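Each chain, letter by letter, is given below.
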Amino acid sequence: MHIPINPELSLRTIELEDANAIFALTDASRAHLREWLPWLDFTKEGADTTTYIEGCLKGHEAKSSLSLAIIFRNEIVGIAGFNTINHSNKIAAIGYWLSEGAQGHGIMTKTVQALLQYAFEDLQLNKVEIRAAVGNTKSRAIPERLGFTKEGTIRAAEWLYDHYVDHVAYGILANEWYQIKKK
């Protein structure tokens, strides 16, 4: 799958051949990503990324998740997609991360917009959710900028190395997205 966003930015399905590039990006961004992502200590070598990609491919095949490489200026700069897709309830949860050097270009906002379009137009979902740690203001700015509704705070939602963090839950419905898109 390939989702073009603009001449410099696109999304595409993660492939096993991406393992070295994604691991190198993860490793170079380790300190930056570790602040809010709990899986860095489990990604110590390229084989760990290969195992992750294999899981992504199985989720894609089962239509229960979708992980995409974010391609900016012909380089992988992060990962985004649907951590879960619940077809019965027509709900998906978006997750994302971006290398520190790729921030400040509007990449993640455009990426999430493209994911919303795919969710509502292609997958015919009714709702998309994003959860982010209360203190993760950069991540929280994405759904806030895109018109999501803040639905509440989930206490102790995630174990982050040595402590729990609360998450803010955001949601947007298909009819809300279509109204925003018309503006």
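I will try to describe carefully the structure that is included in this document.

Cut-offs applied
Residues numbered from 1 in each chain as written. Predicted model: local features only at pLDDT ≥ 70, side-chain atom pairs only at ≥ 80, totals over all residues. Heavy atoms only, no water. Phe/Tyr/Trp six-rings, centres within 6.5 Å; stacked < 30°, edge-to-face > 60°. Helix = DSSP H or I, 4+ residues; strand = E, 2+ residues; numbered from the N terminus. Buried < 20%, exposed > 50% of the residue type's maximum accessible area, 1.4 Å probe, protein only. Lys NZ or Arg CZ within 6 Å of the ring centre and 35° of its normal. 1 Å grid on protein atoms, 1.4 Å probe; cavity = no way out; pocket = protein on both sides within 12 Å on 5 of 7 lines; lining within 4 Å. Points joined across faces, edges and corners; volume = space filled by probe spheres on them. Pairing = 2+ DSSP bridges. Right-handed = clockwise from strand over helix to strand, strands pointing away. Axes fitted to C-alpha atoms, helices over the stretch in contact; angles between N-to-C directions. Parallel < 35°, antiparallel > 145°, perpendicular 65-115°, else oblique. Left-handed = near helix turned anticlockwise from the far one by under 90°. Contact = heavy atoms within 4.5 Å. Nonpolar A, V, L, I, M, F, W, Y, C, P; charged D, E, K, R; others polar. Salt bridge = Lys/Arg side-chain N within 4 Å of Asp/Glu carboxyl O.

A word on the packing of aromatic side chains
Next, step 1: Applying the stated criterion to the full structure yields five aromatic pairs.
Next, step 2: Between the aromatic rings of phenylalanine 82 and tyrosine 118, the centroid separation amounts to 6.5 Å while the plane-to-plane angle is 25 degrees, which identifies the pairing as stacked. In this pair, phenylalanine 82 is assigned in strand E4 (residues 75–86) and tyrosine 118 in helix H4 (residues 107–122), connecting sequence segments 36 residues apart.
Next, step 3: Of the residues examined, tyrosine 118 reaches a relative accessible area of 18% and is grouped as buried.
Next, step 4: Centroid distance tryptophan 177 to tyrosine 178: 5.0 Å. Interplanar angle 70 degrees. Geometry classified as edge-to-face.
Next, step 5: Owing to a relative accessible area of 31%, tyrosine 178 belongs among the partly exposed residues under this scheme.
Next, step 6: Cluster of aromatic residues (ring-pair linked, three or more members): Phe120, Trp177 and Tyr178.
Next, step 7: Here the guanidinium or amino end of arginine 34 rests over the ring plane of tyrosine 161, the centre of that ring lying 3.6 Å away.

What to know about empty space enclosed by the protein
Next, step 1: Considering all chains together, one arrives at one cavity of 30 Å³ or more under this definition.
Next, step 2: In this model, the largest cavity occupies a volume close to 30 Å³.
Next, step 3: Together, Thr13, Ile14, Cys56, Leu57, His60, Leu66 and Ser67 line the largest cavity.
Next, step 4: Elements with a contribution of two residues or more to the lining of the largest cavity: helix H3 (46–61) and strand E3 (66–72).

Quick word on the pairing of strand E6 (residues 127–133)
Next, step 1: Along E6, six of the seven residues are buried, which leaves the element largely enclosed by surrounding structure.
Next, step 2: Bridging between strand E5 (residues 91–98) and E6 involves four bridges; their strand directions are parallel. When the bridges of E6 are listed, alanine 92 appears paired with valine 128.
Next, step 3: For the crossover from E5 across H4 to E6, the handedness is right-handed.
Next, step 4: Where E6 and strand E8 (residues 164–173) come together, seven bridges link them in antiparallel fashion. Paired with lysine 127 across the bridge in E8 is leucine 173.

Here's the deal with the packing of H4 against helix H6 (residues 174–182)
Next, step 1: At a minimum axis separation of 11 Å, H4 and H6 run at an interaxial angle of 120 degrees. On the basis of their axis angle, the class for H4 and H6 is oblique. Relative to H6, the crossing made by H4 is left-handed. On H6, the residues that touch Leu116, Gln117, Phe120 and Glu121 of H4 are Ala174, Trp177, Tyr178 and Lys181.
Next, step 2: Considering only residue class, the contact of H4 with H6 consists of five nonpolar, one polar and two charged.

Focus: the pattern of salt bridges
Next, step 1: On inspection of all chains with the given rule, the structure shows eight salt bridges.
Next, step 2: When the shortest N-O distance is used, the salt bridge between arginine 30 and aspartate 27 registers 2.9 Å.
Next, step 3: For aspartate 27, a relative accessible area of 40% puts it in the partly exposed group.
Next, step 4: Between glutamate 144 and arginine 140 there is a salt bridge; the shortest N-O distance is 3.4 Å. Placement of the pair is glutamate 144 and arginine 140 together in helix H5 (residues 137–145), with a separation of four residues, close to one helical turn.
Next, step 5: Shared partners join several salt bridges into a network, and the residues in it are Lys127, Glu129 and Glu151.

Comments concerning the sheet that holds strand E1 (residues 2–6)
Next, step 1: Spatially, the eight strands line up as an open sheet ordered E1-E2-E3-E4-E5-E6-E8-E7, and their pairing is mixed. Edge positions in the sheet fall to E1 and strand E7 (149–159), since each of these pairs with one other strand and no more. Strand-to-strand twist across the sheet, computed as the mean angle between neighbouring axes with direction ignored, equals 25 degrees.
Next, step 2: Relative to E8, E7 runs antiparallel, the two sharing seven bridges. Residue threonine 153 lies in a different strand from E8, and its bridge partner there is valine 168.
Next, step 3: In the packing of H4 onto the sheet, contacts are made with E1, strand E2 (9–13), E3, E4, E5, E6 and E8, and the angle to E5 comes to roughly 160 degrees.
Next, step 4: Its contacts with the sheet place H6 against E7 and E8, and it is angled at close to 70 degrees to E8.

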